[in-house]
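# Understanding the architecture of this molecule
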Amino acid sequence: MTDAAAGDGPRLRLLAFSGPGLDRVLLGEPRDGEHENLETLIAAHAGGAGRADVSIVPTPSSDRLAAELARYDDLGDVDVVVLWIGSALTEADEIGPDLGDRFFEHVTAAVEVVKSAGSRVLLVTGSTVVTGVEPSAARALSLAIARLDLASIRLSIAHGLSLIDVDRTIAELGADAHVEGVLAYSAVASRAIRHELLRVLDEYGFFDDRSLLEQVGQAAR
């Protein structure tokens, strides 16, 4: 994504490990002659007082997240790293009962790299409603996503990272009508998730003249 055209104020840099479903959330799409994406949404919210640079890269499998993050020499210049549970579903045929534990271990390693650079982590969960595949596969994937969502809650408690609760957002919108595949959502749902990302960033204080909230979990106490 290119820089949002907005004033000379502070710049918020995000690095997002994404995939097709999350791409739609971050990139948006034209609607009624306007194109809202995460950058333009942040710029509008900041009222011209800042801008956002959102770099989107394909997510590796979760076991490679930490190594991929360690490759960024400028990670200390990144304010927020966005991860999502889709990184665990790239591991074909490995969605057994220990999926959540492996995801917890992999993301913990990634969080350590991010925090050592002074950045923060947002973790995007997924809807347990699955469409677009045959019923037995849908049941298996729904269970796998539920395990990953539960592991995400454990990660939030342990490390203080913030969750974007997609399952809740989709449920509030009416579930099935806004799910178009595995971790893939309608334009309306994608916009709602995008605005939830903005809300969480706002809570951290990125758009105010105040100290930023720190991410401190039980593991650091």
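Worth saying up front: this structure is predicted, and the values here are computed from it rather than measured.

## Overview of the side chain of Ser-186
In this structure, Ser-186 sits in the loop between β9 (184-185) and α7 (187-204). Separated by 2.7 Å, the side chains of Ser-186 and His-178 make a polar contact. Beyond its immediate sequence surroundings of up to four residues, Ser-186 is in contact with Arg-24, His-178 and Glu-180.

## A look at the nonpolar core
Ranked by size, the top nonpolar core spans 61 residues in total, and within it Leu-14, Leu-83 and Phe-103 carry the most contacts. Among the elements that take part in this core, helix α5 (residues 135-159) stands out by supplying eight residues, more than any other. Other than its neighbours up to four places away in sequence, Leu-14 contacts Leu-38, Ile-42, Asp-53, Val-54, Ser-55, Val-78, Val-80, Val-82 and Leu-201.

## Thoughts on the environment of Ala-16
Note that Ala-16 resides in strand β1 (residues 11-18). Under the relative-accessibility criterion, Ala-16 is labelled buried at 1%. Remark: the alpha-carbon pair of Ala-16 and Leu-123, spanning 107 residues in sequence, is separated by 9.9 Å. Residues contacting Ala-16, with those up to four places away along its chain left out, are Leu-26, Ser-55, Ile-56, Val-57 and Val-82.

## With respect to a nonpolar patch on the surface
Taken together, the side chains of Leu-150, Ile-153 and Ile-157 present a nonpolar region at the surface, about 280 Å² in accessible area. Inspection of the secondary structure puts Ile-157 in helix α5.

## Examining the pattern of salt bridges
Inspection of the entire model under this criterion finds 13 salt bridges. Arg-191 is the salt-bridge partner of Glu-36, the closest N and O atoms lying 3.6 Å from each other. Of this pair, Glu-36 sits in strand β3 (residues 34-36) while Arg-191 sits in helix α7, and the two are 155 residues apart along the sequence. Residue class for Arg-191 comes out partly exposed when judged on its relative accessible area of 34%. Two residues, Asp-101 and Arg-154, come together in a salt bridge whose shortest N-O distance is 3.2 Å. Note that Asp-101 is positioned in helix α4 (residues 99-116) and Arg-154 in helix α5, a separation of 53 residues in sequence. In this structure Asp-101 comes out as partly exposed when scored by relative accessible area, which is 47%. Members of the salt-bridge network, linked through shared partners, are Arg-168, Glu-172, Glu-196, Arg-199 and Glu-203.

## Structural notes on helix α2 (residues 38-46)
Of the residues making up α2, those classed as buried are Leu-38, Glu-39, Leu-41, Ile-42 and Ala-43. Buried-residue contacts for α2 involve β1, α1 (20-27), β3, β4 (51-58) and α7. Where α2 ends, the next residue or the one after it, Gly-47, has phi of about 65°, a positive value.

## Section: the packing of α1 against α7
At a minimum axis distance of 8 Å, the contact between α1 and α7 shows a crossing angle of 70°. The orientation of α1 with respect to α7, classified from their angle, is roughly perpendicular. In this structure, α1 meets α7 at a crossing whose hand is right-handed. Together, Arg-24, Val-25 and Leu-26 of α1 and Ala-187, Ser-190, Ile-193, Arg-194 and Leu-197 of α7 make up the contact between the two elements.

## A closer look at the confidence of the model for the protein
When pLDDT is averaged along the protein, the result is 87, and 86% of the positions lie at 70 or above. Contacts for the low-pLDDT stretch residues 1-7, under 50 throughout, to residues beyond four places or in other chains number 22 contacts.

## Considerations on the packing of aromatic side chains
Overall, the coordinates contain two aromatic pairs when judged by the stated rule. Look at Phe-17 and Tyr-72: their rings are 6.5 Å apart centre to centre, the planes differ by 90°, and that puts the pair in the edge-to-face class. One end of the pair, Phe-17, is in strand β1; the other, Tyr-72, is in the loop between α3 (65-70) and β5 (80-84), with 55 residues separating them in the sequence. Given the relative accessible area of 1%, Phe-17 is considered buried. Pairing Tyr-204 with Phe-206 gives two aromatic rings, centres 6.3 Å apart and planes at 35°, and the pair type is tilted. Under the relative-accessibility criterion, Tyr-204 is labelled buried at 6%. Residue class for Phe-206 comes out buried when judged on its relative accessible area of 16%. In this arrangement the basic side chain of Arg-154 is found over the ring face of Phe-104, its NZ or CZ atom lying 4.4 Å from the centre.

Reading the values: the criteria
- Residues numbered from 1 in each chain as written.
- Predicted model: local features only at pLDDT ≥ 70, side-chain atom pairs only at ≥ 80, totals over all residues.
- Heavy atoms only, no water.
- Helix = DSSP H or I, 4+ residues; strand = E, 2+ residues; numbered from the N terminus.
- Polar contact = N/O pair within 3.5 Å; in protein donor to acceptor, adjacent residues only side chain to side chain.
- Contact = heavy atoms within 4.5 Å.
- Core = buried A, V, L, I, M, F, W, Y, C linked by side-chain atoms within 4.5 Å.
- Buried < 20%, exposed > 50% of the residue type's maximum accessible area, 1.4 Å probe, protein only.
- Patch = residues over 30% accessible without salt bridge, like charges linked within 9 Å, V, L, I, M, F, W, Y side chains within 5 Å.
- Areas by Shrake-Rupley, 256 points an atom, 1.4 Å probe, with all protein chains shown as cover.
- Salt bridge = Lys/Arg side-chain N within 4 Å of Asp/Glu carboxyl O.
- Axes fitted to C-alpha atoms, helices over the stretch in contact; angles between N-to-C directions.
- Parallel < 35°, antiparallel > 145°, perpendicular 65-115°, else oblique.
- Left-handed = near helix turned anticlockwise from the far one by under 90°.
- pLDDT = per-residue confidence, 0-100.
- Phe/Tyr/Trp six-rings, centres within 6.5 Å; stacked < 30°, edge-to-face > 60°.
- Lys NZ or Arg CZ within 6 Å of the ring centre and 35° of its normal.

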